[in-house]
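Letter by letter, the chains look like this.
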Amino acid sequence: MKAFATLVGGSLLCSSCIGSFGLWTGLRDWNQGVGDKFVNEVVFCAFHIIPIYEVCYLADLLVLNSIEFWSGSNPTAQVGAIQRVKGENGDFVVRTNADGYTITKVGEEDKPLQLVYDVTTRSWNAVTATETCELFTLNEDGTITFRQQDGTPLTIAPNEEGVAMARTATGAASLFRAE
């Protein structure tokens, strides 16, 4: 029992991963969509009296977030889940796939954009019907490499200094921007 407690404690202390808390977030999102604010409040209170929120949070904290950190995938990700997003340039539909996301602008359903994570190369790619473009690669040492507009690679640390360096190199106000 001591060895198990040490192993679990060590995985929590050494992982330095906040995690997505997918189970708890999914439960919360479900509750927000149940009905109006009064029904949501009743369900919210009931789920605290019968400690459903607490159990989901604890399961995320001790098990699911550790699995997500070590495997790179969220075991509670809802493949096939669809969300509607309002953007500056219109409304979009985002569908969760096993390896990423498909984003479609409402009214332009024949031009979907896929964001695909390739496990073998540890890279995120933008895929359209006619081309594939590597967005960035997650390196073994924790750095991120992306291609600049001229095609040259730039490796940065995933912190404020790295983002500032990428902004300076690309001359952009933000690291990723759509045109």
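Details of the structure are given in the entry above.
A word on the environment of V43. Mapped onto the fold, V43 is located in helix α3 (residues 37–49). Overall, the relative accessible area of 15% leaves V43 in the buried class. Considered as a pair, V43 and N31 are twelve residues apart in the sequence and their alpha carbons are 6.9 Å apart.

Burial of the side chains of strand β8 (residues 153–156) is restricted to one face: L154 and I156 are buried, whereas none of P153 and T155 on the reverse face is. Judged from the four bridges that link them, strand β7 (residues 144–147) and β8 form a sheet pairing that is antiparallel. Across the sheet, the residue bridging to T145 is T155, located in β8. Taken together, β7 and the strand that follows it, β8, pair antiparallel across an intervening segment of five residues, in which G151 is found at a positive phi of about 95°.

One finds F136, I144, F146, L154, I156 and A166 forming the largest nonpolar core, which totals six residues. Mapped by element, the contributors of at least two residues to this core are β7 and β8. Judged by nonpolar contacts, the second largest core, of five residues, contains L27, F47, Y53 and C56.

Counted under the stated rule, the structure contains one salt bridge. The salt bridge partner of E140 is R122, with a shortest N-O separation of 3.5 Å. Separated by 18 residues along the polypeptide, E140 in the loop between β6 (132–138) and β7 and R122 in the loop between β4 (113–118) and β5 (123–127) bring together distant segments of the chain. Taking relative accessible area as the criterion, E140 reaches 69% and is therefore assigned exposed.

Taken in spatial order, the eight strands make up an open sheet running β1-β2-β3-β4-β5-β6-β7-β8, and their pairing is antiparallel. One side of each edge strand has no neighbouring strand; the edge strands of this open sheet are β1 (82–87) and β8. Going from strand to strand, the sheet's axes swing by 20° on average, the running direction of each strand aside. Alignment of β5 against β6, held across five bridges, turns out to be antiparallel. Bridged to N125 within β6 is E134.

Once β5 ends, the chain turns through four residues before running back antiparallel as β6. Across three bridges, β6 lies against β7 in antiparallel orientation. By the bridge assignment, L138 is partnered in β7 with I144. Between β6 and β7, which pair antiparallel and follow one another directly, the connecting turn spans five residues, one of which, G142, has a positive phi of 95°.

Moving on, we come to the environment of E134. Inspection of the secondary structure puts E134 in strand β6. Sequence separation between E134 and D118 is 16 residues; the distance between their C-alpha atoms is 9.9 Å. Residues within four places of E134 in sequence aside, it is in contact with S123, W124 and N125. In this structure the side chain of E134 is engaged in a polar contact, spanning 3.0 Å, whose partner is the side chain of T137.

Enumeration according to the criterion identifies two aromatic pairs in this entry. Here Y101 and W124 contribute two aromatic rings whose centre-to-centre distance is 6.4 Å and whose plane-to-plane angle is 15°, an arrangement assigned as stacked. Residue Y101 is located in strand β3 (residues 100–105), and its partner W124 is located in strand β5; the two are separated by 23 residues in the primary sequence. Relative accessible area serves as the criterion here: at 35%, Y101 is assigned to the partly exposed category. Looking at W124, the relative accessible area reads 22%, which means it is partly exposed. Summarising the aromatic geometry, the rings of Y117 and W124 are spaced 5.4 Å apart at their centres and angled 45° between planes, so their arrangement reads as tilted. Here a set of aromatic residues connected by ring pairs shows up, and it is made of Y101, Y117 and W124.

Thresholds applied
Residues numbered from 1 in each chain as written. Predicted model: local features only at pLDDT ≥ 70, side-chain atom pairs only at ≥ 80, totals over all residues. Heavy atoms only, no water. Helix = DSSP H or I, 4+ residues; strand = E, 2+ residues; numbered from the N terminus. Buried < 20%, exposed > 50% of the residue type's maximum accessible area, 1.4 Å probe, protein only. Pairing = 2+ DSSP bridges. Core = buried A, V, L, I, M, F, W, Y, C linked by side-chain atoms within 4.5 Å. Salt bridge = Lys/Arg side-chain N within 4 Å of Asp/Glu carboxyl O. Axes fitted to C-alpha atoms, helices over the stretch in contact; angles between N-to-C directions. Contact = heavy atoms within 4.5 Å. Polar contact = N/O pair within 3.5 Å; in protein donor to acceptor, adjacent residues only side chain to side chain. Phe/Tyr/Trp six-rings, centres within 6.5 Å; stacked < 30°, edge-to-face > 60°.

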